[in-house]
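Per-entry structural report
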Amino acid sequence: MQKHLKTVALALLLILAAVTCFELGLWQLHRAQGMAKLQKVQPERSVVELTNAASAGSNLRNTAFNRLVTFEATFEKDYVAPNQLVTLIDGTKVRKDVIVSLARLTNQKAVLVVRGLFTGSFPPKSAAARINGRLYARQNIDQAEGGAGKLSRIDPALVAGDTGFNLFDGYVIQSGGEIAAPQLLSQGGAFYWQHIAYVITWWFMGLLILSFPFYNRFRSVKAKSE
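In what follows, the accompanying structure is described. Nothing here was measured: the structure is a model prediction, and the numbers come from that model. The written sequence of each chain sets the order in which its residues are numbered from 1. Only residues with pLDDT of 70 or above have their local features reported here, since the model is predicted, and side-chain atom pairs are shown and tallied only from 80 upward, although totals for entire chains, interfaces and linings are computed over all residues. Note that the side-chain values use all heavy atoms of the structure and ignore hydrogens as well as water.

**A word on the overall build of the chain**
Counted only if it meets this: Each helix is a run of H or I in the DSSP string that is no shorter than four residues. Each strand is a run of E no shorter than two, and both are numbered from the N terminus. Exposure is judged per residue with a 1.4 Å probe applied to protein chains only, and the accessible area is read against the type maximum: over 50% gives exposed, under 20% gives buried, and values in between give partly exposed. With residues, only the protein chains shown are counted as cover, and all accessible areas are computed by Shrake-Rupley using a 1.4 Å probe.
Assigned secondary structure in the chain consists of 3 helices and 6 strands. When the helices and strands of the chain are listed from N to C terminus, the series reads α-β-α-β-β-β-β-β-α. Per-residue burial for the chain yields a buried fraction of 35% across its 226 residues. In the form shown here, the chain has an accessible surface area of approximately 14000 Å², with 59% of it arising from carbon and sulfur atoms.

**Some points on the environment of Val100**
Heads up, the condition is: Residue contacts follow a heavy-atom distance rule, with two residues in contact if any of their heavy atoms lie within 4.5 Å.
Here Val100 shows up in strand β3 (residues 93–104). Classification of Val100 by relative accessible area gives buried; the value is 0%. Each C-alpha atom of the pair Val100 and Arg115 lies 6.1 Å from the other, and the pair is 15 residues apart in sequence. If we skip the residues at most four places from it in the chain, Val100 touches Lys77, Asp78, Tyr79, Ala81, Leu112, Val113, Val114, Leu151 and Ile154.

**Quick word on the pairing of strand β2 (residues 68–87)**
Keep this limit in mind: Any two strands are treated as partners once DSSP identifies two or more bridges connecting them.
The buried fraction of β2 is high, at 14 of 20 residues. Relative to β2, strand β1 (residues 48–49) is paired through 2 bridges, and the arrangement is parallel. Residue pairing for β2: Val48 is matched across the bridge by Val69. With 6 bridges connecting them, β2 and strand β5 (residues 129–136) associate as antiparallel partners. Opposite Glu72, over in β5, you have Arg130 as the bridge partner. Taken together, the 11 bridges between β2 and β3 define a ladder with antiparallel strand orientation. Residue pairing for β3: Lys77 is matched across the bridge by Leu102. Linking two consecutive strands that pair antiparallel, namely β2 and β3, is a turn of 5 residues; a positive phi of about 95° is found at Gly91 within it.

**Brief notes about the pairing of strand β6 (residues 166–174)**
In terms of burial, β6 is a largely internal element, 7 of the 9 residues being buried. Relative to β6, strand β4 (residues 109–117) is paired through 5 bridges, and the arrangement is parallel. Note that in β6 the partner of Leu112 across the bridge is Tyr171. Direction of pairing for β5 relative to β6: antiparallel, over a ladder of 4 bridges. Note on β6: the bridge partner recorded for Gly133 is Gln174.

**Side note on the environment of Leu207**
Residue position: Leu207 is located in helix α3 (residues 189–225). In the structure, Leu207 is positioned 189 residues away from Ala18 in sequence and 7.1 Å away in space, judged by C-alpha atoms.

**What to know about the packing of aromatic side chains**
This is how the line gets drawn: Aromatic pairing here means that ring centres of Phe, Tyr or Trp (its six-membered ring) are within 6.5 Å. Orientation follows from the plane angle: under 30 degrees is stacked, over 60 is edge-to-face, and everything else is tilted. We call a charge positioned over a ring when the NZ of a Lys or the CZ of an Arg lies within 6 Å of the ring centre and within 35 degrees of the ring normal.
Counted under the stated rule, the structure contains 3 aromatic pairs. Aromatic side chains Phe22 and Trp203 sit 5.6 Å apart centroid to centroid with 15° between the ring planes, which places their arrangement in the stacked category. Of this pair, Phe22 sits in helix α1 (residues 2–38) while Trp203 sits in helix α3, and the two are 181 residues apart along the sequence. The residue whose ring lies beneath Arg115 is Phe75, and the NZ or CZ to ring-centre distance is 3.7 Å.

Structure below.
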């Protein structure tokens, strides 16, 4: 009886381990599918208020990335972001210096907005206006050297210390200007195959676990035949 209970317990343990491996593989498969989805142009979603897509002072949510947004704001301060890779309205991709302005919303909230190419001067200040554009994640890699009035990359962290505003993560490229605001695609092709490799690994381990009892039986039979 005791031997039978041990056999049942071992079988349940092996099944549990195999199911765990299967679930881990399935989790990695879903992550691979999500990565593949980010590498394709998605159908455009409806334009939403910036405050509905993202929250000031918080990291940008995945659902907010590439979102078309609208908001009313006043441009408070202008910066130059040198050597940015931008897409012009005609589809041409070029390296240019761009104007990045700090746009103030209500309640001391603000967001960085790419307004156009820098040609030596900034646009005149104006009253609060409705701004439309696409929301992007902040840049993590410097594109040039920073300095007074210059941003080495478009990242709200670079201006957080001298604004006094509660900043939105990421930045907006304003629509209607000379710079286009296309969807950015994920560059995670290598990560996709890494997730697929994990899927194969976990499921292979599950098969090994399930084959363990048969392997022991095969060894026993082989030993008796010899």
